[in-house]
Each structure stands twice: as C-alpha cells, then as structure tokens.
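Residues per chain are reported as follows:
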Amino acid sequence: MMRKKRRTSAGKGEGATSTTKVKKSRNTAPKPKEPAPEETNESVFCVFLREAGVTLKQAGTSNEIAVDQIVFQKRLQKQIQKSPRYPGIVQEFTAGLESHIEDPERFRNCLLPCVPRLSDGDSGNVSSFQESLLRMLLGIEMLQTLIINTLLEKLPEFMFDGVGDGGLNIPHTIINQFKWLDRVVDSKELAAKLMELVSVAPVEVQRDIISSLPEILEDSQHNDIAKELNSLLQENTQITVPILDALSSLNLSSSLLTEVRGAVMVTLGAVQLEDLPVVVKFILHSVSASDAYEVVCNLRKKLDLEQCVLPLALQASRSLIKSKGSAPSTSTPSAGSSQDSVTLILDGIKSAVRFQKTISEAWLKAIESVDEEEDHKVLDLLVLFILHSTNANQSRRGAERVLKVKVRSGFIQEALLQRTFSVYAQVMRGYFPSILALAQSLLRSPDPCVVPFGGHVYRHSFTAFDSYCQQEVVGSLVTHVCSGVGGEVDMALELLCGLVTEKHSEMALYAVFVKGILDYMDNLTPQQIRRLFHLLSSLAFGQQQQGSHIQDDMHIVIRKQLSSTVPKYKRIGIIGAVRIVGSLGAARLKRKESLPQETLRQVTALLELVKSSIQSSPEAAALYYDELANLMLSSTLDPQVQENIGKSVIDDFQVDFVADLGPEMSGSFPLTPRVMYDLEGQGSIAINLLPLLANDIKIKGEQQSQSTKAHRRVSPLGLCPFFRLLRLCEHRLHQGDLEEIDGLLGCPLILTDMDVMEKMESLSKAEREFLCTLLFYTINWFREVINAFCEQKETEMKMKVMTRLQNITYLQTLLERALAVTPGYVPPVANFDGESTDGVTLSSAAPVNKAKKDGAGKKRKASGKISSESGSQLDETTDADKTQQEQPEKEIRQGVSLVSYRPYFRELDMEVLNVLQCGLLSCSLLDSELHTKVREEVLLGPAELVFLLEDMHRKLEFSLTAAPAKRTPFFKGRADKSLGFSHLQQRSAKDIASYCVQLLPGLCSHLENCHNHFQTRLSENNGIVDGPATDVQEHNLMSSGYQLLLQVLNTTLSWSGFSQPGQRSLLKKALGVLAVRLKEESAELTLAQLVKHSFKYLVNFRSTMPSLSAALCLSQLLSTVSEKGGDPAAFREQTASLTKQFLSQDWVTAAGEKERGNKFNEALHTLLRIYLVHVDDVLKAVEEIAGVGIPELLAASKDESSTSWPTLNRSTFLVFYKVLMAELEKAIRKIPAGNVSDNTESQSEKLLTWNLAVRDFHVLVNLVKVFDSRPVLNVCLKYGRLFLESFLKLGMPLLDNSFKRHMEDVQSLLKTFQLSTRQLHHMCGHSKILQDTSLTNHVPALKKSLELFVYRVKAMLMLNNCQEAFWIGNLKNRNLKGEEILSQRSQGSDEDEDEDEEPRSPLPGDKSEVEAAETDSEESKAVNGEEDVDEDDVTDDSD
C-alpha cells in the first residue's frame, strides 16, 4: 500500500508540473492521456514526451526534463505500450520525431543534453546531468532501430557543414548518440550501415565513425568489422589513425591481429608524420612473445626518423623564408610539430618496452644483430637511451652492454651520434639523465675503445642542451677528474679543455665548478696538473676575460703553492704559474695586435715571483726551466713574452755552466779534472761539470752545517733543463736554426780520467759516489744534446750525434761497474716533475740490492747495452740461486742493470728515433775506439741500435698499450710509472702511432740486417750457434736488437686504436710497409691481402731466431698481424706449425750453454700456450706431448731432454705440465653439452672427444707419481678439480643420453676416469700428511666435486633404469705410492648399499654390470686392477 501511494503522489506531482509547463507554453491539453492531434495541432511525439516528463523548447533553449532519465524512459515505454494504437503508434511517434527535427535548431536541441527544471520544488528528484533526448529515446528498445535509421538518414545532411556557429559538430554529435548503449537491438545491421556511411562520408566523418566503432558495437561484431577496417586501411592512409585506434580497442583473434599488423607495416612508409606515433604504438602493443623479435626488426627497418625531422640549418632557412613571405602552408609540418611527433613515437616505444619484457629484449636483440656500420640508424641510439631510462626488466644493463659492444666494434660511431644530437636535441632532452649515466659508464670503462665515445656524448650533450644540462655535464666531468683513475682523469680533462676552446663563453659560467678540482690535486699526475692549470688559466686569463671572477682565486693558489716548503706543492705552484704565463702571454693572432702593457706587466711580475721562490732550490729551478721549455715548445707566445723569457738565457748559461779552457785548473777536487769528449778539435770552452759538482757538494755541506739558506745556487742539476730551455728559445727565435749554439754538440766536458775505473775499490765511498754522480750528469748532458741536434740535416752534425750516442753506450758500461761497487748510492734527480723526490729515491735505491741478487743475469756485455730483452723480458735469466750465492763478489764487479735507474736519466724526445733510419754498422767493422776506419755515411752501431730500440719500446709500451694496464688505484703507490715520459704524455697516441708507422721502413731494414747477420754466422759455423767463429759480444748485441725490433713492431701493430674505423687507413699504411718488402704492390691491395703478405714476410725470419725469447716475440707478432683480417684458419695453421718448430728446437746461447732460467721458462710457457691455442685439435696435441714427449723424458738421463720436444726437460717439466693441464681444461669447456635430441652419430662424436680428453687427463694425473714436487701437485689439484667440475656440467648430460645406445663406450670412459679420480683422492690424503697449506687449500673443494661425481653417476644409472648396478663402499686413504695412511685408517662398513641387477653381491674380481657402478663410485679393484682396496669399491670422498 505504501509503495502504491508513493507512486500515485509521484504521479500527481509530475502531472501538476507538466500542466504548469503546458500552460506556460500555451498548449491546452485538458486530458493528456487521450490526445486529439487534429484539434490541438500537437503530435503524439510531443504529447508523449510531455507526459513522460520532457518539455521541448524552441529558439536555442535546451529541452527540459522534470524527472530522472530512467523514469522518463519507463514512462514513455509504458505510454506507447498502453496506447490503443500500439504497435502502430511506434511509427506515428517516429514520424513525429522526424517532423520535429526537420528544423535544424530543434534537431540541435535534441542532440544536446536536457537540462533539469529548477523552478519547481520537486526538481530535487532530477539529477544534475541528463542525456540528450535522442540518446534517451535510443535507450528504449522498441524505438531504437527506427531512431537509428532516422539519425543515419539525417547525418548526410550535415556531412559537409563542419563545425556550426556554436562550436557543435552535428555528425560527431550524432555518432556520439550511439556510444555505450545498454543494448543494441540489431548490432549487425548497425555495423553494416555505419560502414556504408564510411564509404561515402568525408574524411572527418570517417574518422569519427571509425573511432566510435569499439564503443558502439558488441564483441561479436569485432572480428568482422576488423576485417573491413583492415581492407579500408590499405585503401586509404588518411584514416590510418582512427582505424588503428579502433583496432586497438577491438577484441581480435591472434591470427587476425597478425594479419592486420602486417598490413599496417606495409603502409608504414606512406603514413604521415603526425600519424606515425599511433601506428608505432599499435604495432608494438599488438605483439606477442613469439613474434616480438621479427616485428621489432621490421619496424626498425621501416621507421626512418631521419627523414621526419629537418636538420637545424634547413629548419632555420625555412623559417627565414616563411617570415619573409606569406603565412606558412598548413600542409608542411613545422619543426616543432615534427619534433613533437618524434617525441610521441619514442613515448610509444617507451611504454611498450616498459610494460612488455619481450619488447625490450627484442629491441636489444634487433640492434645487436645489425652487423654493418651503415645499417645503424639514429633510432638505434634513441631506443638505447629509452631502454636505459625505463630500466624495465633490467634493460639498463642490456642497453649499456649493447652500446659498448657496438662502439667497440665500430658500428656506432661519432658521426651517428652527431646526427642524433643535431636533429633530435629537443627529443633527447627528456632522456638527459640516461644520456649522462651512459656517458659516465663509457668514460669509466676499462676498454680504451669505448672511452672516447663517452667523451663525444659529453661534448654533444653540452653543445645541444640547455644550461641546466651543461651544468650537470661540467659537474660530472669534474667528478671524473677527482676520481684519481688515470685514463678517466685524462679524458675528462681533455674534454673540459676542448669545451673551453669551443664554448668559452658558456664554460665561463661554470668556472667555479672547475676551480673545485684544485682541492683534489694530490691525486693528479704532473701532466694532469698541467692540463688542469691550462684549463683554468684559459678560463680565468683568456683573451675574452669571461671567467675573470676566478682570477683572484688562481693567484692565491699559485702564491700559496710557490711559498710552500714542501717540494710537491712548490712543483704544483711552478707548473701552474707557467701555465698562467702561457694564457696571459698567448699571441693574439686573430686580432694581430700586441700584448697590452698591463698584461705584459702581469706576466713579468709572475715570472719574477717564480724566480724568487726557486733561488734556494736547484730542483725547483730545474723544473721551472723544464716547464718554460715545454711552454715554448707547445704554445705560441707573444713576441714580447718570448723576448722576456729568452733575453738572458744564453748569457746566463755561459756564465753558469761554460768555462774557458786555460793551461790548468785551480782548486781542490775529489778527482783529478780532465777535459774529455771533445769533438771540435782544440776547443776553447768546455762544460764546467766536475768543478760545478764539487762546488755544489761543498755548498750542500756548508748549508747543512750552518743551516742557512743560500741565495742563488748554480747546481749541475740545472744544466740539462737550462740547456733545453736555451735550445727551444733559439729554435723559436731563429725558426729552427741552432747555428748559434751548435758548438755545444761537440763541446768537451771537464770530467776526470776514466782510468780511475780500474781502481774503484781503492777509492773512498765519497769519491765513488762523486764518480757515479759525474757519470749520471755526463750521460744526461749527452742525452739532452742529442735531443737538441737529432733533426739537423748536415752530415757533420749527424756524425757528431752518432758519436754522442756511442759516448752514452760506453759511459753506461762504466756507470754499471761504478754502481756495482757503490751500494746505497742515490743518483741526482733528472726528471723534476715526478710525484715526489722521496718516493723516487726509495723505489730506485733498491736496485743495488737487486743487482747483488740477480747480478749474473743483469750484467752488461762490454758494449754496455741494457741486456738482450726489454719490457717484461728486459733482464736475462740468472743461473741457479746456488751459483749466485757462491759468487756474489764476482757478479757485482761485472756490473748492475740500469733498468731500475731509468727515472734518473733525461727523457729522449721522439724525434731522436729518426736516427733509426740510418743504416746498421756491423760490430766487426769497428775498431777498439768504437769508430770506423773508413766512414762515408752515417751508420748506426749495434749497441746504439739496441739503445734506441729499448727507448722506443719503453715509449710505445707506455703510450700505445691499453688503458687498463695503466689504471692506478685511488691512492697511488710510491712509484709513478709516468716518470720519465713527460714529453711523451703531451703527444696523443694517434700521433705516436703515426710516427712509428713512418719509421717502419727503417725498422724493417734493421730487421733484415739482423736476419742476414745470423744467417751469415750460421752458414760460417755450419749451422752451429756457438761455433768457433761466433763473437759472444756481437751475438748478444745483435740478438737483443733482433728481439727488440720484433717487440717494437708487435707493440705498434697491437695498438687498440687501429680497431677504430678512423684509423683503418693508418693500419693499411703500416701493413703496406711490411707487404711491400716482398716486392708486392701495396697500393691497390685490400686489408686482407695486406695482412696475408705481411704475415708471409714475417714468417721468413723464423730460421734465424737467436733465442727462445726472440722466437716468442715473432710468434706474438704473427698472431697480432693475423688478427687484423684475412683467413683465420690459414694463419692459425701456420702459427701452430711455427710455434711447434720453435718448441722442437734446441736453444743454445752464444757461449754454448743451453738456455734456462726463469725468463726462459716464462717465454716457454707463453710459446706453448700460443701453440695449443692455435693448433686445430688441442686434445691430440696434448696427447702427443703427454704420450710421446714425457715418456721420452722419463727414459732419458737426468740432464737430457725429450728427443721430439727438445725444450722439454726436467727443469721445464712444470711449465709444460701447467700449460697442458690448463689448456686441456679449457678445451673440454668448449665441447658442446649433450642433448636429448642428438642423433647417434653426434653422440658418438662427442663421446669420442670426451674419451680422448679423459685419457689425456689420466696420463697427466698419473705423472704426479714420478714428478711429486709441490708445484706439480698444486697444479694437479687445481686443474683436476676444474676438469672434474666441467665433466659434471658438460660430460654427464651426454652420458645420461648416450648410456643405452653406447653402453660400452660409457663404461670404458668411466673406467678411465675412475683411475684419475682415485689418484686425486690419494693426492688429497698426501696433502694432509704434508700439512702444506698451499696444497690443502684445494682439498675441500676437490673432495666435494669427487662426492658430487659419485652421486651424479648414480643419478645417471637411475635415469636409465640401472640403479641396481650401483653400490658404495669406503675407500681407504692412501699416499701417492698407494700405501695406506695408518693414522687415518677408515673404519667403514663392509655392507653394500645397493645390489647388482642380479640378486647377488658384487665380488672383488667381478667384472659384470657392476662396472658401471664401480666406476661411478670411483673405487673398484675389479675395474682398476692396480691398487689394494679392501672393500673393493669405495667413495672417493669418505674419509
């Protein structure tokens, strides 16, 4: 009753409201339920609506609704159904609607939402939002079809009208009426009519209809409509976006989706730029896991972003044309809109990789699979940035890895990066954090090939992005500099210097950041400090003066450092001050104006400040001269500044260091003065060395006793630096002409008679040290003189330079002898920018003791060159320690090596190596005075050749070897490896490599001369190395030169920079030099042909290798050349054959003794590894050595070698054993694991390989019974475990799958392996008895692997239903001889855990099916037949 009453009251209220409205509309209807249309001129449509609660309005006023729309729909439906004329009334109602909406204004009202009537008190029943009248009518099922037809018929009237006055798009609004209906009565019919409409409608209406389809149609229609849309897509690309939007929202089958995606991919090239983001998004979001890679690859090929965006220059020119001309055409997208489109495309890719792991993996794989440089696109870089920024599914690490691989291989180069930044800077700005992180990672990489690319990323980021990004870039580079890691610091400083040069005004804004590095100078090398001050002084004192706000800070720092009493900080102050002078006094070439007087005054004041701070310190003064010399060499200074620096140099040098030669010298000296080494005849002047040195020692003594500071001291320390400054001033002032100072080349020195060397023992300690110091100063003077005059063209000057080289090599032999009898002597400093003088002293005073220990190996032959090897092989090997201990005095007298004293010699310039282009003079043509009797041309003696080659090799090792070898920890050690390479560090690796390539013809000539020399000697001695005609001194010198030449060639060609595409021409030029020596034309040859000819050329030297070390160098050189291109298989075969020839050769010294010692063993180790790496079948090679060579050794007498492998003797057995074990273990790791899918033939092949490997392993393990020394046991335990682990991982899966087909082969393999594992078990017990920690450290892990092996075999048998064949017993602990270890007697049980296949216990002599189990548990006497085992079969791991 209550509900009924509520309905009635509601009805009355509604009726009253309606009546009121009707009256206001002047429509009289006393009985609304029985209308009389013919009398009232009012249609059924209007009456029914009014009674249901909607009042129709005119003149642009929205229709009003008095009730909620659900109530309205129910009332209207009820009215129609209760009408006596139902169902005809439906048509009548529709006709009323049609006539009503003929008026466009009324039609518009019906399409717009109704508004609630607010004047009545009951309006609270109406919600604030109501649908349009037509949409409410569509919600009534009996009217829906008719109204849909009416609307679709009405739609064409408005198709071409566009947007109306009120901003209403009638077609769009009509289509909106069909969306999200609760139910569509005839969905199929509606879809058909909409598609018909699409075929005739204009593009805008087509887009509206297609976009609305997913919201109109039911799910059952999706596949059908998708097919129609797909065909439509191929016909009309203008509606691509709405079609793809619609398809994305439809529920499609996978096959149809693939078909649609294929069609979309085909039309990708024709799609407009603004539509591309939608297309890309659709393609990526419709991908399944199975076809992700294929789809991404196709998308990557077809999506060419570089055609989407105009380059910046073209954009600027277009905008200029447009600004001058008429308004821009709407058909051409602006630069901004194209950038926006690319941004949207990348956003689509970003969302795909973020939410779908398969997509991110597919992108990485697709980019990785591109193997041509020209095939790489800008898109690749952008996608890598996206993957790094999202880090979805750990893609950040993958993006870093792929980028590094591509950069390392040269596929992604700086040109691509430049294109990306120049065109897409706006797009990439959003990924800046990732770009910065990638740059940091690349710059920190230990791989020198990728570090420069990180630098390019930084540089382009600074250039392309806004000030915030620039600040971040500078901050990140400053962090790199402060890291203290060598290569990282160098690259970061180089980048900062480059940015200051290119973008001075922008960098000036961040000068304060860069200035912060001054707090971290303790971690920087002198060369890095030079760069830092060059950078800061360019910012602060550059000609543009934009960074002048840090000038005061710079002055404060310099004054503070110069006034410090700590040598390290004073050095920093001197370097900084000279760099500031360089910036202030730089020549203004562009403006062609002289330096302002104020600037000149600042330069003069700064130079005076430095001079005043160095008066009492000869070391600081020497550094100041060196730094000024570097400045003169590297910078273009204003003429006034040059004149200021050089005005008094010549006069000061003459006053300080040159003396007039009189009849006699007055004064008391430790040794008798004598004028020596005069090349000028009767000269009137000489270098006043001995008196200066004596006076300097005297002054030092007085200062120590009086503790007073002298004013200006003239020390011989400053001789070489001052002369270098003098030479460079003259060179700069006279355009390379040194005529005014050329007298100093042949000028004599005041030294002492070198006959004093014969009575060294009788001299006091002070006199011996005085003589050593005198020799160091003399050698350094000659080195600096050679630096100065090595480029002179006159023959006379060249001859003098050659003579000075001979003087150096001779004086070095005297110095070695002097050092040998002067223990504890510390030489004078020669390189003044070292880390710290104390550190150098500590690290260099040690060689005296070292010389006592290794004297025999490091002695110098009479010519005085630094041994026969260089680099890591510079020192010859000593004999046994016993011999050294027996003859210490004799060894010391013969001389010590100068290797450890290298920091105390002046650095030779690269230009000195030009002397190597002279011909080679044979030692036999020299007389006792080291001069040729007849000399028509400048020739290089063997001692001088070795001297220069050693220096060249050290330089190349320092500058061309990979960066990781030079990386230093944050806190550096005492010794600085860069000491003595200051001048070299100021050259780039590329310059040095280019210089070496220019020297290659000369080096090849020397190589051929050495080859001819040894060939001649061998023919004279009938092939005997140590024949009666052999000159030991000459042989050792030529041998050293031969080896050094090979090492220099190898180091040059090993330079990692050759792998960079930009250096390909330089590599071809270098190989062309080698190839042309065979009279081949290298001009038109490809790289592969050049490699082939170079290899062929170098192989020819194999017959004259004087030592195993030289043979190793040749092998390494051939490997290096073969890696540059060509046919790897052919080169591998030749290299293997060559190294085998070297290993099968007896190596004898010129003295007739067999080569031996640590260095020989190291070379043999490397050579044997090269052989096994290059040989085709490692397992057969191992079997050949272990099965033939070692038994021959065992059969030979104690000092004899193997006949087939002469390098294999008892002293080198450990070398062979270690390499064989290591390479065997590596080889089995390359055997593919067994798969269930393998066929019988494949399984047989793999089983055969494993059988061979296990047999080799068994032979090697059993050798410990004969060679039972600790090192051999150590090697066996280590590699035995590794072999066992690899067998478990790779071999056992093969046995699992092969057991049934190849049961006998599997049993045989396990039998053999059991013998080895039992021996390993015995070794574990032996190690415990010895209680040697170096051995017992291996035992736990080995025991674990042995136990795993037991149970893994059991698992294999169970897998093949043979578990009854497995049983376990306890193995007794035994030593290497098989004797039981009584102290650890096992108390294991005798019971069997498992039975055999037949119901019987296995017996000790049984050899039936239990063999599989026995081998598995490693322990059966039945299988072994070798050793006494109480329980027959026992586990290896049961102690």
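Since we're looking at a predicted model, the values are computed, not measured.

Describing the overall build of the protein chain
When helices and strands are tallied, the protein chain shows 62 helices and 9 strands. Excluding contacts between residues fewer than 6 apart, the proportion of contacts in the protein chain whose partners are at least 24 apart in sequence is 75%. Approximately 63500 Å² of the protein chain is accessible, and the part contributed by carbon and sulfur atoms is 50%.

Re the sheet that holds strand 1 (residues 54–55)
With respect to topology, 3 strands assemble into an open sheet ordered 1-2-3, the strand pairing being mixed. Because the sheet does not close on itself, it has two edges, and the strands there are strand 1 and strand 3 (115–116). When strand 1 meets strand 2 (residues 64–65), the two strands line up antiparallel, connected through 2 bridges. Residue pairing across strands places valine 54 opposite isoleucine 65, the latter belonging to strand 2.

Some words on the packing of helix 57 (residues 1270–1298) against helix 58 (residues 1303–1330)
Where helix 57 meets helix 58, the axes come as close as 11 Å, and the angle between the chain directions of the two elements is 155°. By the angle between their directions, the pair helix 57 and helix 58 is classed as roughly antiparallel. The interaxial crossing formed by helix 57 with helix 58 has left-handed handedness. Packed against helix 57, whose contacting residues are Leu1273, Cys1276, Leu1277, Gly1280, Phe1283, Leu1284, Phe1287, Leu1295 and Ser1298, the element helix 58 presents Met1303, Val1306, Leu1309, Leu1310, Phe1313, Thr1317, Leu1320, Met1323, His1326, Ser1327 and Leu1330 at the interface.

Observations concerning the pattern of salt bridges
Under the defined criterion, the tally for this structure stands at 42 salt bridges. Taking the shortest distance from any N to any O, the salt bridge between arginine 459 and glutamate 414 comes out at 2.9 Å. With arginine 459 in helix 24 (residues 451–464) and glutamate 414 in helix 22 (residues 414–428), this residue pair connects regions lying 45 residues apart in the sequence. Two residues, arginine 1077 and glutamate 1008, come together in a salt bridge whose shortest N-O distance is 2.9 Å. Of this pair, arginine 1077 sits in the loop between helix 49 (1064–1075) and helix 50 (1087–1099) while glutamate 1008 is found in helix 47 (residues 989–1020), placing the two residues 69 residues apart along the sequence. Connected through shared salt-bridge partners, Asp626, Arg724, Arg727, Glu784, Arg906 and Asp909 make up one network.

Quick look at the side chain of histidine 983
Mapped onto the secondary structure, histidine 983 falls in helix 46 (residues 982–985). Residue class for histidine 983 comes out buried when judged on its relative accessible area of 16%. Leave out the neighbours within four places in its chain, and histidine 983 touches Asn630, Arg724, Glu907 and Asp909.

Side note on the pairing of strand 7 (residues 749–752)
As a general feature of sheets, a regular strand has side chains that alternate between the two faces. Residues Leu749 and Leu751 line one face of strand 7 and the alternating positions Ile750 and Thr752 line the opposite face, and both faces are buried. Alignment of strand 5 (residues 673–676) against strand 7, held across 4 bridges, turns out to be antiparallel. Looking across to strand 7, one finds that arginine 674 is bridged to leucine 751.

Description of the packing of helix 22 against helix 24
Put simply, helix 22 and helix 24 touch, their axes get as near as 10 Å, and they point 20° apart. One finds that helix 22 runs roughly parallel with respect to helix 24. The element helix 22 and its partner helix 24 pack so that their crossing is right-handed. Counting all contacts with helix 22, which are made through Glu414, Leu417, Gln418, Phe421 and Ala425, the residues of helix 24 involved are Phe453, His456, Val457, Arg459, His460, Ser461 and Ala464. Of the residues belonging to the contact of helix 22 with helix 24, the class tally is 6 nonpolar, 4 polar and 2 charged.

Focus: the packing of aromatic side chains
Evaluated as defined, the whole model comprises 35 aromatic pairs. Plain terms: the ring middles of tryptophan 1055 and phenylalanine 1058 are 5.2 Å apart, the flat faces sit at 75° to each other, and that makes the pair edge-to-face. Like phenylalanine 1058, tryptophan 1055 is buried. Feature note: the residues Tyr624, Tyr625, Phe653, Phe657, Phe722, Phe723 and Trp781 constitute an aromatic cluster, connected by ring pairs.

With respect to a negative patch on the surface
There is a patch of like negative charges on the surface, built from Asp371, Glu372, Glu373, Glu374 and Asp375. Within the element layout of this structure, aspartate 371 appears in the loop between helix 19 (357–369) and helix 20 (378–390).

Things to note about helix 8 (residues 141–154)
Compared with an ideal rise of 1.5 Å per residue, which puts 14 residues at 20 Å, helix 8 spans 20 Å between its outermost C-alpha atoms and is within 8% of the ideal. Along helix 8, the residues classified as buried are Leu143, Gln144, Ile147, Ile148, Thr150, Leu151, Leu152 and Lys154. Buried residues belonging to helix 8 abut helix 4 (69–82), helix 5 (88–100), helix 6 (104–111), helix 7 (133–138), helix 9 (170–176) and helix 10 (187–200).

Quick word on the environment of threonine 1249
Along the chain, the position of threonine 1249 falls in helix 56 (residues 1240–1262). Residue classification places threonine 1249 among the partly exposed positions, given a relative accessible area of 27%.

Considerations on the environment of glycine 576
By the element assignment, glycine 576 lies in helix 31 (residues 567–584). C-alpha of glycine 576 to C-alpha of arginine 530: the two residues are 46 residues apart in sequence and 6.9 Å apart in space.

Topic: unusual backbone geometry
Across the junction of tyrosine 86 and proline 87, the peptide omega takes the value 5°, indicating a cis bond. Note on placement: proline 87 falls in the loop between helix 4 and helix 5. Phi at tryptophan 180 takes a positive value of approximately 55°, unusual for a residue other than glycine. As for its placement among the helices and strands, tryptophan 180 is situated in the loop between helix 9 and helix 10.

Notes on the confidence of the model for the protein chain
For the protein chain, per-residue confidence averages 77 on the pLDDT scale, and residues scoring 70 or more make up 79% of the total. In this model, residues 923–930 is a region of pLDDT below 50 whose contacts with residues beyond four sequence positions or in other chains number 11 contacts. Residue range residues 1384–1439 is modelled with pLDDT below 50. Its contacts to residues more than four positions away, or to other chains, number 162 contacts.

Details of helix 37 (residues 719–733)
Over its 15 residues, helix 37 extends 21 Å from the first C-alpha to the last, a length consistent with the 21 Å expected when each residue adds 1.5 Å. The buried fraction of helix 37 amounts to 12 of the 15 residues, a majority that puts the element mostly inside the structure. Buried residues of helix 37: Leu719, Cys720, Pro721, Phe722, Phe723, Arg724, Leu725, Leu726, Arg727, Leu728, Cys729 and Glu730, and no others. Phi turns positive, to about 50°, at glutamine 735, one or two residues after helix 37.

Focus on the environment of glycine 1062
Mapping glycine 1062 onto the fold places it in the loop between helix 48 (1032–1053) and helix 49. In the structure, glycine 1062 is positioned 649 residues away from glutamine 413 in sequence and 9.5 Å away in space, judged by C-alpha atoms.

Conventions and cut-offs
- Residues numbered from 1 in each chain as written.
- Predicted model: local features only at pLDDT ≥ 70, side-chain atom pairs only at ≥ 80, totals over all residues.
- Heavy atoms only, no water.
- Helix = DSSP H or I, 4+ residues; strand = E, 2+ residues; numbered from the N terminus.
- Contact = heavy atoms within 4.5 Å.
- Areas by Shrake-Rupley, 256 points an atom, 1.4 Å probe, with all protein chains shown as cover.
- Pairing = 2+ DSSP bridges.
- Axes fitted to C-alpha atoms, helices over the stretch in contact; angles between N-to-C directions.
- Parallel < 35°, antiparallel > 145°, perpendicular 65-115°, else oblique.
- Left-handed = near helix turned anticlockwise from the far one by under 90°.
- Salt bridge = Lys/Arg side-chain N within 4 Å of Asp/Glu carboxyl O.
- Buried < 20%, exposed > 50% of the residue type's maximum accessible area, 1.4 Å probe, protein only.
- Nonpolar A, V, L, I, M, F, W, Y, C, P; charged D, E, K, R; others polar.
- Phe/Tyr/Trp six-rings, centres within 6.5 Å; stacked < 30°, edge-to-face > 60°.
- Patch = residues over 30% accessible without salt bridge, like charges linked within 9 Å, V, L, I, M, F, W, Y side chains within 5 Å.
- Lys, Arg positive; Asp, Glu negative; His and termini not counted.
- Charge placed at Lys NZ, Arg CZ, Asp CG, Glu CD.
- Expected span 1.5 Å × (residues − 1).
- pLDDT = per-residue confidence, 0-100.

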